Amino acid sequence: MVKIEVTLISSDGPERESVSFEIPKEEWTQLVSFHDEVERLRSTRFVQNERGGQISFTCSVREPLRSNAKLVDFEEVGTMLLRLRPFVLNKEAYYFHKIKNILKRRLDHRAFCMHIGLLDDGFSLKSMQCKISFDGQGRSPLSVAMVMDWLNSYEYHRDPNKRKAVEQDLGILGRDQNGLPVILFALVDMIQSILDLDSLVETLMQVESGARSKIDCPSGFLT
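Computed from a prediction, not measured in an experiment: that's the story for all the values here.

Now for the packing of aromatic side chains. Under the criterion given, the structure shown has four aromatic pairs. Seen from their ring centres, Phe 21 and Phe 112 are 5.5 Å apart, and the 85 degrees between their planes marks the pair as edge-to-face. Of this pair, Phe 21 sits in strand β2 (residues 16-23) while Phe 112 sits in helix α5 (residues 110-123), and the two are 91 residues apart along the sequence. A single burial state applies to Phe 21 and to Phe 112, both of which are buried. Geometrically, the ring pair formed by Phe 34 and Phe 87 is edge-to-face, given 5.7 Å between the ring centres and 90 degrees between the ring planes. Of this pair, Phe 34 sits in helix α1 (residues 25-42) while Phe 87 sits in helix α3 (residues 74-88), and the two are 53 residues apart along the sequence. Of the two residues, Phe 34 and Phe 87, both sit in the buried class.

Quick look at the structure:
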């Protein structure tokens, strides 16, 4: 077992609590490997330059609604999507929810559970959906199901049946660069959740090595 002992400190109050957790060595090895893999994603130009999808719309009484998307750097995006794959496909060892579930199970404390829950909402696009109403012709493009169907249609598996469904659902949003700009718009939140989950893993690694002994927590995360 790998033992984690750390003091949690409220960022705006006097509350503090010393906690300890045990993580099986095989799961710890998986977490460390996850961190190494995320570093490859973090190093891409797409992530380093904080790219995303940009799309606007025009309409008039004489012309139908049209979408206008900023041209995507396909080489930059292609590298990012390749390195993103281990975190979004559910059969992969570093699939977001697999790593999240390890941490949620082993870090059995309100502060960690609340933080991990927020990251889960980000990856599942729930946070984005609460802020933005963005509908296509069918399913919302701001949904994990749509994003994954797009990835499996155009990048990972080249599934023609999924591609047909994606094209139908996206409607005019799919006419610009096969809908990539709007998919990237959604992917930004998913990627950020992966990076933030990795930041938690990195913090645990620092605690385990003795380089860190305290973790600041937002107000309300400590009981």
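Looking now at the confidence of the model for the chain. For the chain, per-residue confidence averages 85 on the pLDDT scale, and residues scoring 70 or more make up 86% of the total. Between the elements of the chain, mean pLDDT differs from a low of 41, seen in strand β3 (residues 55-58), to a high of 98, seen in helix α4 (residues 96-106). Within the model, the stretch residues 53-61 combines pLDDT values under 50 with 28 contacts to residues more than four positions away or in other chains. Here residues 63-67 scores under 50 on pLDDT; set against residues more than four positions off or in separate chains, the count is 14 contacts.

Conventions and cut-offs
Residues numbered from 1 in each chain as written. Predicted model: local features only at pLDDT ≥ 70, side-chain atom pairs only at ≥ 80, totals over all residues. Heavy atoms only, no water. Phe/Tyr/Trp six-rings, centres within 6.5 Å; stacked < 30°, edge-to-face > 60°. Helix = DSSP H or I, 4+ residues; strand = E, 2+ residues; numbered from the N terminus. Buried < 20%, exposed > 50% of the residue type's maximum accessible area, 1.4 Å probe, protein only. pLDDT = per-residue confidence, 0-100. Contact = heavy atoms within 4.5 Å.

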